[in-house]
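# Structural features, examined
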Amino acid sequence: MHRVVFKGTGSYLPERVVPNSYFETIVETTDEWITTRTGIKERRMIASGQAMSDLATPAAQRALEAAGVPPEELDLIIIGTSTGDMLSPSTGCLVQNNLGAFKAVAFDVNAACPGFIYGLAVARKFMQDGSHRLALVVGGEIVSNRIDFEDRATCVLFGDGAGAAVLEAVPESEPVGLPGGLLSAHIRSNGALWELLYVPGGGSRHPPTHEMIDRRLQFVKMQGNEVFKHAVRAMTESAEQALASNGLTSADVDWFIPHQANMRIMEAVAKKLDIPMEKVVITVHKYGNNSAATIPIALDEAVREGRVKRGDLVLCCSFGAGFVWGSALLRY
Ligand code: ACO
């Protein structure tokens, strides 16, 4: 058996900053409402013409640089995204080409907000037997072109971005000077609740037609308060499962990185887990909810700022459309 260690992290945010005041000019809302209900003050959005691989590639390059791994050595590339460049091919293949990582097998995992956690879980399965030594896992999303700028209940919540991690499989018996790495990854889904959060148009159910666009089916549909309740419950349970399966408690956690959807969701989950807010890494105020990107971006920032240090126990959990949810516990 092999353990999966974190070699390096990276992230990329589009330059365009969109403050809450922008939404005051297009829908019936206020900076005060958005701030108190979500904790979001501003978010990043792509410039026209940018696609998912344009964000995922620099995030990956930064992670590879931090890891000291040349792209040609990668064995596996997994992109957690539900907003890839095209319906086909996968964004994984496009990132592989951009990086020149032609030894790797590359594919996408569509798991909405927990896309990065799902990516870690899948990578771990490939790496535990040692058959794939070096892996790149990216969580990235461009939500800004899937939101209805006439719907105040959703348009204020989201942003764009990408984060990445380079992982290495090392034999359990071999001391490599890096702490334990990915201790566990638990992923779950419940398709019975898909209608609480979904994007109906653009796939095979409602293919791109003028009528589909006129009905605004290309945009996110969400029952926000239902999503809120399910998110708190599922993220808490998944985080508890991560700790229990490793014989640890929340008192052992150095840093908690929940999905950054809404400050109130994070506060509620931290409270249920009995983790003080000083241990919670928060980026939602400046980046909004960039879905699969929130956790790897927060992890990368916390590492680069020297908050998350080698050997720290980091607990991550997420929830999103599907419903899908999950947790990852890592000894960074
Ligand atoms: N500005 C002003 N008023 C608004 C806005 C807005 N931007 N959006 C909604 N409202 C109004 C509603 O119309 C409603 O008005 P009414 O009482 O006259 O009908 C009122 O505010 C309350 O609406 P609620 O939906 O009950 O407000 P709530 O306190 O639940 O907050 C929110 C809404 C922020 C969307 C919250 O439910 C939430 O964050 N849910 C989680 C959704 C989420 O994060 N989804 C992302 C994908 S999944 C994930 O990442 C976990």
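Everything below is about the structure printed above this text.
This report concerns the structure included in the present document.

## Observations regarding the sheet that holds strand β12 (residues 313-320)
Here we have four strands laid out as an open sheet, ordered β8-β13-β12-β11, and mixed in their pairing. This sheet does not close on itself; its edge strands, each paired only once, are β8 (181-189) and β11 (255-258). In this sheet, adjacent strand axes meet at a mean angle of 10° when their direction is disregarded. In terms of strand pairing, β12 meets strand β13 (residues 324-331) through eight bridges, oriented antiparallel. Its bridge partner lying in β13, Val314 is registered against Leu330. Contacting β8, β11, β12 and β13, helix α8 (residues 224-245) runs over the sheet at an angle of about 145° to β12. Strands in contact with helix α11 (residues 294-304) are β11 and β12; relative to β11, the strand with the most contacts, it is inclined by about 150°.

## A short note on the site of the ligand
The ligand sits among 23 residues. The nearest are Thr29, Arg37, Arg152, His259 and Asn262. A distance of 2.7 Å separates an oxygen atom of the ligand from a polar atom in the side chain of His259. Relative to its unbound accessible area of 990 Å², the ligand is 74% covered by the protein chains. At the level of elements, α2 (31-38), α6 (152-155), α8 and α9 (263-273) are the ones that each hand at least two residues to the shell around the ligand. Per-element accounting of the shell around the ligand gives the leading share, four residues, to α8. Grouping the constituent residues of the shell around the ligand by class yields 12 nonpolar, seven polar and four charged. When residues of the shell around the ligand are assigned to domains, at least three fall in each of domain 1 (2-171) and domain 2 (181-331).

## Considering the pairing of strand β4 (residues 76-80)
Consecutive side chains along a regular strand alternate between the two faces of the sheet. Burial within β4 is extensive, with five of its five residues counted as buried. Pairing of β4 with strand β5 (residues 105-109) involves five bridges; the strand directions are parallel. The partner of Gly80 across the bridge, within β5, is Val109. Of the crossover connections in this fold, the one passing from β4 over helix α4 (residues 91-99) to the parallel β5 is right-handed. Relative to strand β6 (residues 134-142), β4 runs parallel, the two sharing five bridges. Its bridge partner being in β6, Leu76 is matched across the sheet by Ala135.

## Quick look at the packing of α8 against α9
Closest axis-to-axis distance for the α8/α9 pair is 9 Å, and the angle between their directions is 40°. Taken as axis vectors, α8 and α9 run oblique relative to one another. Where α8 crosses over α9, the handedness of that crossing is right-handed. Along its contact with α8, which presents Phe228, Ala231, Val232, Met235, Thr236, Ala239 and Glu240, the element α9 presents Arg264, Ile265, Ala268, Val269, Lys272 and Leu273. In the contact of α8 with α9, the residues fall into nine nonpolar, one polar and three charged.

## Thoughts on the side chain of Ser11
With respect to the element layout, Ser11 can be found in strand β1 (residues 2-12). On the basis of relative accessibility, which here comes to 9%, the residue Ser11 falls in the buried class. Of the polar contacts made by the side chain of Ser11, one reaches the side chain of Asp300; its length is 2.7 Å. Setting aside residues no more than four positions away along its own chain, Ser11 makes contact with Ala59, Arg62, Ala162, Gly163, Ile297 and Asp300.

## Focus on the nonpolar core
Phe23, Phe256, Leu315 and Phe319 are the most contacted members of the largest nonpolar core, which totals 42 residues. Of all elements in the fold, only α8, α9, β12 and β13 reach the threshold of two or more residues within this core. Each of domain 1 (2-171) and domain 2 (181-331) contributes no fewer than three residues to this core. Filtering out sequence-adjacent residues up to four positions away, Phe23 remains in contact with Val18, Thr29, Ile34, Arg43, Met45, Phe149, Cys155 and Val156. Core analysis: the second largest hydrophobic core is formed by 33 residues, Leu76, Ala169, Trp255 and Val324 among them.

About the criteria used
- Residues numbered from 1 in each chain as written.
- Predicted model: local features only at pLDDT ≥ 70, side-chain atom pairs only at ≥ 80, totals over all residues.
- Heavy atoms only, no water.
- Pairing = 2+ DSSP bridges.
- Helix = DSSP H or I, 4+ residues; strand = E, 2+ residues; numbered from the N terminus.
- Axes fitted to C-alpha atoms, helices over the stretch in contact; angles between N-to-C directions.
- Contact = heavy atoms within 4.5 Å.
- Near = heavy atom within 4 Å.
- Polar contact = N/O pair within 3.5 Å; in protein donor to acceptor, adjacent residues only side chain to side chain.
- Areas by Shrake-Rupley, 256 points an atom, 1.4 Å probe, with all protein chains shown as cover.
- Nonpolar A, V, L, I, M, F, W, Y, C, P; charged D, E, K, R; others polar.
- Domains from an automatic or database assignment.
- Buried < 20%, exposed > 50% of the residue type's maximum accessible area, 1.4 Å probe, protein only.
- Right-handed = clockwise from strand over helix to strand, strands pointing away.
- Parallel < 35°, antiparallel > 145°, perpendicular 65-115°, else oblique.
- Left-handed = near helix turned anticlockwise from the far one by under 90°.
- Core = buried A, V, L, I, M, F, W, Y, C linked by side-chain atoms within 4.5 Å.

Read these as layout, nothing more, since geometry by itself doesn't imply function.
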